Amino acid sequence: MYKLKKLPNGFEYIEIKNSSASAKIALNGAHIFHYQQTTKEPLLWLSEISDFENEKSIRGGIPICWPWFGMNKNENLPQHGFARMSLFELTNISELAPNNTQVSFILKDTQESRKLWPYSFILEYTLTVSDKLSLELKTTNKDSKDFKITQALHSYFKISDILDVAIIGLDKKPYLDALTMKDGIQDGKISFDTEVDRIYKEVDSKINLIDKDKIISIENKGSSSTVVWNPWIDKCLRMSAMKGDAYKRFVCIESANALDDFKIIKPNQTHTLKATVY
Ligand code: BG6
């Protein structure tokens, strides 16, 4: 079952319920902000004080960072690109099975987008809501020249307490510490007792987020970089749409193409970034 819902301010989202899971996906940013397997608690963290407005990104869920991840060299351009603030077109909803619903969106270049990024493109995003959540983000170059993208599926995972979680699967991987701009090599599991903002490279296997009573798994395709982020106390207080103690209840593990894992896409060629979380 699914329903298209609209808030009084015109913000539209799709609500999905099937026998395996439920989900809510906004047309603005094609942003999934709720996903929950039927017998479990929500997988994604969502800020209690998030905005739900067109042209703004929701704080939590899985924003799409595209066509660049992080800051652009031109500091007047929005951090993490413009896709997360753009209205996507809903192209398809299919109930493939009683436990499997698939939703597809498309974003194409406009006069406005070309002011920010001067290329013609098609961005297609398909979400499959079942006992796993699968996300497929396909970029097609519709321009006459090559273009370069970096990107991320910026997943905010809901956790019991930041002090009680660990990430495994990135041991021995090189990373760039975005706080110091120094390179490092991961030694063992990742746990948190301070701000962490790192881009891991050469990522080639499943990542597990171990919490007290659950394990969240992330599998990626078309991506060899993963961002791990928690703002900790001071940055959390400075973040928009985030309560002061919100850092305790989420960790971001972002399936990315970042740093030297950028993609150059030739005219009429595509690149697909895929993440499956459960
Ligand atoms: C992460 C970055 O991906 O996103 C952080 O590594 C950043 O540096 C965070 O603070 C949130 O960004 P934003 O633009 O959503 O506030």
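Look a little higher up for the structure.
Residues numbered from 1 in each chain as written. Predicted model: local features only at pLDDT ≥ 70, side-chain atom pairs only at ≥ 80, totals over all residues. Heavy atoms only, no water.

1. Brief notes about the sheet that holds strand β13 (residues 166–168)
Alright, step 1. The strand order across the open sheet formed by 8 strands is β6-β7-β8-β9-β22-β18-β17-β13, and the pairing between neighbours is antiparallel. Whereas interior strands pair on both sides, the edge strands pair on one side only; in this sheet they are β6 (89–97) and β13. Neighbour-to-neighbour, the strand axes of this sheet turn through a mean angle of 15°, independent of strand direction.
Alright, step 2. In the sheet, strand β7 (residues 100–108) pairs with strand β8 (residues 121–129) via 8 bridges, with the strands oriented antiparallel. Each bridged residue has a counterpart across the sheet, and for Phe105 the counterpart in β8 is Tyr125. (Pairing = 2+ DSSP bridges. Helix = DSSP H or I, 4+ residues; strand = E, 2+ residues; numbered from the N terminus. Axes fitted to C-alpha atoms, helices over the stretch in contact; angles between N-to-C directions.)

2. Some details on the packing of aromatic side chains
Alright, step 1. Per the stated rule, a full pass over the model turns up 20 aromatic pairs.
Alright, step 2. A ring pair is formed by Tyr175 and Tyr200, whose centres lie 5.1 Å apart and whose planes are at 55°; its orientation type is tilted. Within this pair, whereas Tyr175 is found in strand β14 (residues 174–177), its partner Tyr200 is found in strand β16 (residues 196–200), the two being separated by 25 residues in sequence.
Alright, step 3. You can call Tyr175 buried: its relative accessible area is 13%.
Alright, step 4. For Tyr200, a relative accessible area of 0% corresponds to the buried category.
Alright, step 5. Put simply, the rings of Trp66, Trp68, Phe82, Trp117, Tyr119, Phe121 and Phe147 touch in pairs and so form one group of aromatic residues. (Phe/Tyr/Trp six-rings, centres within 6.5 Å; stacked < 30°, edge-to-face > 60°. Buried < 20%, exposed > 50% of the residue type's maximum accessible area, 1.4 Å probe, protein only.)

3. Here's the deal with the sheet that holds strand β3 (residues 21–26)
Alright, step 1. Overall, antiparallel pairing links the 4 strands, which are arranged β1-β2-β3-β4 in an open sheet. The open sheet has two edge strands, β1 (2–6) and β4 (31–37), and neither has a second partner. In this sheet, neighbouring strand axes are inclined to one another by 15° on average, regardless of whether the strands run parallel or antiparallel.
Alright, step 2. Note that β3 and β4 share 6 bridges and pair antiparallel. When the bridges of β4 are listed, Lys24 appears paired with His34.

4. Things to note about the side chain of Thr139
Alright, step 1. If you trace the backbone, Thr139 turns up in strand β9 (residues 133–141).
Alright, step 2. One polar contact links Thr139 to Trp66, side chain to side chain, over a distance of 3.0 Å.
Alright, step 3. Non-local contacts of Thr139, meaning those with residues more than four positions away in its chain, are made with Trp66, Ile122, Leu123, Phe147, Ile149, Gln151, Ile265, Gln269, Thr270 and His271. (Polar contact = N/O pair within 3.5 Å; in protein donor to acceptor, adjacent residues only side chain to side chain. Contact = heavy atoms within 4.5 Å.)

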